[in-house]
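Structural description and commentary
Residue strings, one per chain:
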Amino acid sequence: MAEAIESVLAQTERDWELVLVDNNASEETKEVISKYTHLFPEKIRSILEPDQGVCSARNKGITESKGRYIALLDDDDIMYPERLAIQKSSLAQFPNAILSFGLIDVISSDSKNVIQNKKECSYFSFFSESIKKIKDLRGLKFPDPLPSSVLFKKQEANNIGLFDIHYNPCFLEETDFYFRLSQVGDFINVGQSITRFRMPSQDFLRKKRFDILKKYRLILNQDYFFSKIIKFLKEKDLLDNPSIQKDLKRMRARWLREISFDFLAIPGGEKFARLLLLRAIRECPSDLKSLKHLIRSFGPFPARVRRYQSQQVYEEGIPPEITEDFLLGLFSGNHHCPFCESSSSSFDKSGNDPCPSKQNQSRNDPS
């Protein structure tokens, strides 16, 4: 975290404030926060957000900030000195622009090695790939940049209701935010590296995977986001368009297939994987990838572990909430879940529907 704060202090743009959000931070992190707030009380302040989750933390920081623009920075990333000046200038040049983003340089967890220069990062890239035809033709074209590379106008973010807390603790919150924000203004790519993105250490990933990422909640988040897309297409009177329906089938097939990977290296998980893969095949029979993984699901368990273990980013077992009925209902466009009601208060204020069904709510292919 200290490196992230130092990179803010080094900015050539001097008109800024740094709001550090303590979202149940560790004692070590609290010590760093205390050090810098005492050294630079006129520029750096800390606020507490006890509700665990990326959305709650970011909303608290945005709400408490005093400036016209908001630049996000995760505590393990590093800004280049010209970042704020470049992005502020880019928004000033284009009156219709409400968000500016840039490229990133990927560095090792110890900061010693540059792994990739000028990477155009997409947090949820397969979503963008899945809806390519829809977004090009129907107004769903928006980038999905790394949060630590974006700067946006605070008022416009407030107008759309900030981050949707249904996505707490994490997963898809940025994609949803960009999706809604892109409907009211333009995004500008400055075309150069403005942030160094630090690859997480194995210890960090292990803790995050087992303490934060839960299979049931992440699948629900994906289903919730799909329902928002359906609602958007209904409002545009596009849902019954044959080309749109074809692209939605392609999207569902890919998402069902990739969720199946979560189960293929878990004892007893093959029946859930096969259910998802059969659904994917029915949605898009021409996509042979789903058939390939279905065939592999009948192979010996040790072989599946070797091939799919890297996909197991969540708890090892199958949560009791995940049933065949639950998986059969995914991506119908009628989302409902136990988290919608608990999220509803923040959405009533912004006018967003926390559960679209009440009105009618990154994965890679293993080679």
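Above this text you will find the structure in question.
One structure accompanies this document, and this report is about it. Keep in mind that this is a model prediction, so the values were computed, not measured.

Describing the overall build of the chain
Within the chain, the regular secondary structure consists of 16 helices and eight strands. Counting over 367 residues, the chain shows a buried share of 51%. Summing over all exposed atoms, the chain offers an accessible surface of approximately 17400 Å²; the carbon and sulfur share of this is 51%.

Let's talk about the nonpolar core
General note: in soluble globular proteins, nonpolar side chains tend to be found buried as a group. In this structure, Phe152 and Leu330 are the most contacted members of the largest nonpolar core, which totals 60 residues. Among the elements that make up this core, the one with the highest residue count is helix H10 (residues 215-235) (11 residues). For Phe152, the residues in contact, after removing those within four places along its chain, are Ile62, Arg68, Tyr69, Ile70, Leu72, Ile98, Leu99, Ala157, Phe177 and Leu181. Formed by 15 residues, the second largest nonpolar core is a distinct cluster that contains Leu9, Ile33, Tyr36 and Ala97.

Some remarks on helix H4 (residues 83-93)
Along H4, the positions that sit buried rather than exposed are Arg83, Leu84, Gln87, Ser90 and Leu91. When H4 is viewed along its axis, its buried side chains cluster within an angular range of 135° and face the same direction. Of the exposed residues in H4, those oriented more than 90 degrees away from the buried face are Ala92 and Gln93. Its buried side turned inward, H4 meets strand S3 (69-71), strand S4 (78-79), strand S5 (97-107), strand S7 (150-153) and strand S8 (186-198).

Some details on the state of the cysteines
Where two cysteines share a covalent bond between their sulfur atoms, that bond is called a disulfide. Here the structure, examined in full by the defined rule, presents zero disulfides. Free of any disulfide, Cys55 has its nearest cysteine sulfur in Cys170, 8.8 Å distant. The exposure class assigned to Cys55 is buried, which follows from its relative accessible area of 0%.

Each value, and the rule that gives it
Residues numbered from 1 in each chain as written. Predicted model: local features only at pLDDT ≥ 70, side-chain atom pairs only at ≥ 80, totals over all residues. Heavy atoms only, no water. Helix = DSSP H or I, 4+ residues; strand = E, 2+ residues; numbered from the N terminus. Buried < 20%, exposed > 50% of the residue type's maximum accessible area, 1.4 Å probe, protein only. Areas by Shrake-Rupley, 256 points an atom, 1.4 Å probe, with all protein chains shown as cover. Core = buried A, V, L, I, M, F, W, Y, C linked by side-chain atoms within 4.5 Å. Contact = heavy atoms within 4.5 Å. Arc of directions from axis to C-beta. Disulfide = S-S within 2.5 Å.

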